[in-house]
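# Analysis of the macromolecular model
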Amino acid sequence: MSNKKTKTVKWGEEPKLGMLDALYLPAIVSGLATAVRHAVSGKPTTRQYPEVEPEIPPNYRGVHRLNRDEQGRVKCVACYMCQTACPANCIEIIAAPAPKEDPHWTDRDKYPATFTIDELRCIYCGMCEEACPVDAIELTSVYDLTGLTRKEMIFDKEKLLSVFDETVKTGKDPVRTNRGTLGPASEEAPSGRQGPPPPGRGKHG
Amino acid sequence: MVKVKVNDIEVDAGPKDNCILAARKAGVEIPHYCWHESLSVVASCRMCLVEVGETKPDGTIAMGPKLVPGCQTPIKDGTVIRTDSPKVKAAQQMTLELLLLNHPLDCSICDQAGECYLQDYTYKYGKAHSRLDEPKLQRMDKYHIGDQIALFTDRCVMCTRCVRFTREISGTAELQVVARGSHEEIDVFPEEPCNNKLAGNVVDLCPVGALCSKDFLYKKRVWWLKQAESVCTGCSTGCSISIDQNENKVYRLRPRPNPEAQGHFMCDEGRFGFKYIHDERRLSTPRLSVALASGIESQRKTTSANFAPDLNFADLWPTALTKARQKIQDAIKADPSSFVAVFSPFMTVEEAYLLAKFIKGIHDKARLVLGPVPSVGVDDKYPKGPKGESPADGNVKFTIRAEKCPNRLGVEAVLKHFEGSVVRIESIAQRPNAHAWYIVGGYTSGWVTEAIDKAIGTPSLLIVQDIFPSPLSERADIVLASGSFAERDGTYVNHAGLAQSASAAVRAPGEARADGRILMELAGRTGLFNAMALRKEIGAAIPELSVLGSGDLGDQGVRLVRFAKQATAAAT
């Protein structure tokens, strides 16, 4: 294992400067040549934003969304893992017992009564997403986040769920998580056999 | 003392210790679920299996052929305990795997996560994953177990600590095991919930998240709670507790094991009785009456006819305290014997000392009296008999005392030193002969009875230091908003003369201050309130409280000399 690791690492060496390179003249000339080439080629490289929106890679870490489960309920189980992991302290959850009198909620014990993220304080590191045991919070590729007041940028549960609805509608699902399937904690144990055994399982574990 | 060897570490253990206690003395942890120091031994969880052997007279060690439960195995001189052999490790792994067979891995929504022995032991001694391919057994949650207790049935590991607690400590025996084998469940009889006055302890006893407190359910994850070691002020038993707070809000109280004070448990009255400290009606700013505040500029609006508008923030307390000090000095100098300071049994020893020294320092004839000592019914002793009767004297395992205040003895010791004898406010209520009063409250609820109200009347000077508004604070000249037990540093002396130190967990609401800080400044002392430094001073000044002289009272507290003599006399 360690052998393989050392082989995959390539150590770079700084190239030695010759007499000509040390003069810097060739570098200046080639730089000027590039500038002149672009000036006369007639091909603009300016991005025409916002008329033309750029293609954002689907693993971009933008605005958060709170996922819904198959029944449309908030998938979050209010375990506070994201709030604990958050290095910027921008997530605030208030948990409550699930409304058991509602027939839709009988299989859930705990849910977030409120869930707020301060999008201005957030540093978009994605730790919340990593920490979530049920894949309820995700960072989407929505990047154009604007608001007129600070208060407007504190997203509550409804707003975060609406980001989910919006991104699902426009097909901008993030790629990192196993979307569409419930995490273990929000899932009712299946009646049949469970999935494949975890990797690395030996004869006696 | 017997000499035993735990994993090659020689240690002196007590003759009545089991293997778990002996190993603990050697600094070795033997994991266990069902065993608890103050409950009987059942050895049912099999988590504490260890290898035990003995040293033969010729020095050779003979290990037993099979593993034995450490909780049930007594020790003798030369006993050898091994907790790290492959055999023991395999047994621990197997036990945990079996316990986890039907345990739902819902740690993310379980309140116990973070202080769960199943999590901790699985991490330390268990396997990383399960080999179970079958579906887990699912069982209904039982919210009907008690008014304060919910049972998440499928998280239970059947250690039966809770069942044994209700049978052996509370004596009420509501909980039981129903069904057999892997269908075993904890349950109550229909319509007979577990609502005894010690019921909250089963939540602490539960090593996993099966029994949860409804009061604390989903309120806070436990890893955010910060603990402060304190003393319950609900009654004169003075249970050692830890106050769990986060962001200046107290979420729960838990008993701290202290064999000197109460043992391992506390009553529900104390456990859930702390809510008043976050009551909105609490006094949160010091106030001066209109007459006293004349000439002091203010930018705030007034909220009461009697009181001047609230003072500016910066000079709020200095103004109130300077006025108070000046008024007290004037009143005492005018007529010392008509000045009465009322001490509350909720004060700490330090606070009582500060106030008494200040008053007596002005004039020796000023009077100090003890305020009302709340008392409800008679001492409630456990375990109860089958018909709810109290146990015989020798068998008492827990007592909820009738005296509902923490520090009568401590305040009395201070009063005796400064006044010569303890005068109760009730005894002077008929003819108080007083024109100026300094009154300390701090009671958990309304304490001003009609008799006291009438006795105090409308004197020429009335200063009230309290946490809740009362008829007295409404007509007082100066109101000093003070702190509850969770906001105070200090010492409490319980019914048996055990002096325990308590530390502050939260800040007082608004601009209220802990009593010690108020009195420090009122007495014109320099520096900050420091309970330890004051204890040293008190220990030197008051012979009855000389044990406080060391300053640090430790986790378990120290007994006053008079009571320590009684305790040794009773023991011999």
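Let me begin by describing the structure that accompanies this report.

The rules we used
Residues numbered from 1 in each chain as written. Chains lettered and ligands numbered in written order. Predicted model: local features only at pLDDT ≥ 70, side-chain atom pairs only at ≥ 80, totals over all residues. Heavy atoms only, no water. Helix = DSSP H or I, 4+ residues; strand = E, 2+ residues; numbered from the N terminus. Buried < 20%, exposed > 50% of the residue type's maximum accessible area, 1.4 Å probe, protein only. Contact = heavy atoms within 4.5 Å. Areas by Shrake-Rupley, 256 points an atom, 1.4 Å probe, with all protein chains shown as cover. Lys, Arg positive; Asp, Glu negative; His and termini not counted. Charge placed at Lys NZ, Arg CZ, Asp CG, Glu CD. Pairing = 2+ DSSP bridges. Axes fitted to C-alpha atoms, helices over the stretch in contact; angles between N-to-C directions. Polar contact = N/O pair within 3.5 Å; in protein donor to acceptor, adjacent residues only side chain to side chain. Core = buried A, V, L, I, M, F, W, Y, C linked by side-chain atoms within 4.5 Å. Disulfide = S-S within 2.5 Å. Phe/Tyr/Trp six-rings, centres within 6.5 Å; stacked < 30°, edge-to-face > 60°. 1 Å grid on protein atoms, 1.4 Å probe; cavity = no way out; pocket = protein on both sides within 12 Å on 5 of 7 lines; lining within 4 Å. Points joined across faces, edges and corners; volume = space filled by probe spheres on them. Nonpolar A, V, L, I, M, F, W, Y, C, P; charged D, E, K, R; others polar. Patch = residues over 30% accessible without salt bridge, like charges linked within 9 Å, V, L, I, M, F, W, Y side chains within 5 Å. Salt bridge = Lys/Arg side-chain N within 4 Å of Asp/Glu carboxyl O.

### Overview of the overall build of chain B
Helix and strand counts for chain B come out as 16 helices and 24 strands. Out of the 572 residues belonging to chain B, those deemed buried represent 56%. Considering only residue pairs separated by 6 or more positions, chain B has 65% of its internal contacts joining residues 24 or more positions apart. Looking at chain B as shown, the accessible area adds up to about 24800 Å², and 52% of this sits on carbon and sulfur atoms. The positive charge centre, built from 70 side chains, and the negative charge centre, built from 68, are 2 Å apart in chain B.

### Things to note about the sheet that holds strand E12 (residues 240-246) of chain B
Residue and element names in this part refer to chain B. In spatial order, the strands read E11-E12-E13; together these three strands make up an open sheet with antiparallel pairing. Each of the sheet's edge strands pairs with one partner strand only, and the pair in question is strand E11 (226-231) and strand E13 (249-255). Taking the axes of each pair of neighbouring strands and ignoring which way they run, one obtains an average angle of 30° across the sheet. The pairing of E11 with E12 spans six bridges and is classified as antiparallel. Paired with Val231 across the bridge in E12 is Ser240.

### Thoughts on the environment of Trp317 of chain B
All names here are of chain B. Tracing the backbone shows Trp317 in helix H8 (residues 316-334). Along the backbone, Trp317 and Pro286 are 31 residues apart, and their C-alpha atoms lie at a distance of 6.8 Å. When near neighbours in sequence (up to four residues on either side) are disregarded, Trp317 contacts Pro286, Leu480, Ala481, Glu511, Ala512, Arg513 and Ile518. From its side chain, Trp317 meets the backbone oxygen of Glu511 in a polar contact 2.6 Å long.

### Remarks on the nonpolar core
All names here are of chain B. In terms of nonpolar packing, the biggest core is built from 79 residues, with Phe339, Phe343, Ile359, Trp437 and Tyr438 touching the most fellow members. The leading source of residues in this core is helix H9 (residues 349-362), at eight residues. When residues no more than four places from it in sequence are discounted, the contact partners of Ile359 are Ile328, Ile332, Phe339, Ala341, Ala366 and Leu368. Counting 59 residues, the second largest nonpolar core, distinct from the first, contains Tyr33, Cys239, Val250 and Tyr276.

### Quick notes on the state of the cysteines
Here the structure, examined in full by the defined rule, presents zero disulfides over all chains. We note that Cys132 of chain A lacks a disulfide partner, and the nearest cysteine sulfur, in Cys79 of chain A, lies 6.1 Å from it.

### Focus: the packing of aromatic side chains
Residues and elements named next belong to chain B. All told, the structure shown has 14 aromatic pairs over all chains when counted by the stated rule. Taking 6.4 Å as the distance between ring centres and 45° as the angle between the ring planes, the aromatic pair formed by Tyr276 and Phe485 counts as tilted. Taken together, the residues span a long stretch of sequence, with Tyr276 in the loop between helix H6 (268-271) and strand E14 (287-288) and Phe485 in the loop between strand E21 (478-481) and strand E22 (490-493) at a distance of 209 residues. Overall, the relative accessible area of 7% leaves Phe485 in the buried class.

### A few points about the layout of surface pockets
All names here are of chain B. Space inside the second largest pocket adds up to approximately 1200 Å³. Residue assignment for the lining of the second largest pocket shows that the elements contributing at least two residues are helix H1 (19-25), helix H3 (117-125), helix H5 (201-205), strand E10 (211-213) and E13. Its residues assigned to classes, the lining of the second largest pocket shows 19 nonpolar, 11 polar and 12 charged.

### Notes on a nonpolar patch on the surface
All names here are of chain A. On the surface, Leu17, Leu20, Leu23, Tyr24, Leu25, Ile28 and Leu32 cluster together to form a nonpolar patch covering roughly 780 Å² of accessible area. Among the elements that line the nonpolar patch, the one with the most residues is helix H3 (residues 25-41), at three residues. Topologically, Leu17 is positioned in the loop between helix H1 (2-8) and helix H2 (19-22).

### Quick notes on the pairing of strand E20 (residues 461-466) of chain B
Residues and elements named next belong to chain B. Counting buried positions over the six residues of E20 gives six, a clear majority of the element. Of the two faces of E20, both are covered, the one formed by Leu461, Ile463 and Gln465 as well as the one formed by Leu462, Val464 and Asp466. Of the strand pairs in this sheet, E20 and E21 are connected by four bridges, and their pairing is parallel. Bridge pairing in E21 places Gln465 opposite Leu480.

### So, the sheet that holds strand E19 (residues 436-440) of chain B
Residue and element names in this part refer to chain B. Strand order in this open sheet of six strands is E14-E21-E20-E19-E15-E16, and the pairing throughout is mixed. Strands at the two margins of the open sheet, each flanked by one partner only, are E14 and strand E16 (367-370). Judged from the four bridges that link them, strand E15 (residues 339-343) and E16 form a sheet pairing that is parallel. Residue pairing for E16: Phe343 is matched across the bridge by Leu370.

### Topic: the environment of Leu137 of chain B
Residues and elements named next belong to chain B. Summarising the element assignment, Leu137 is placed in the loop between H3 and strand E7 (149-151). Residue classification places Leu137 among the partly exposed positions, given a relative accessible area of 28%. Separated by 198 residues in sequence, Leu137 and Asp335 place their C-alpha atoms 79 Å apart. Excluding residues that lie within four positions of it along the chain, Leu137 makes contacts with Asn102, Asp154, Ser182 and His183.

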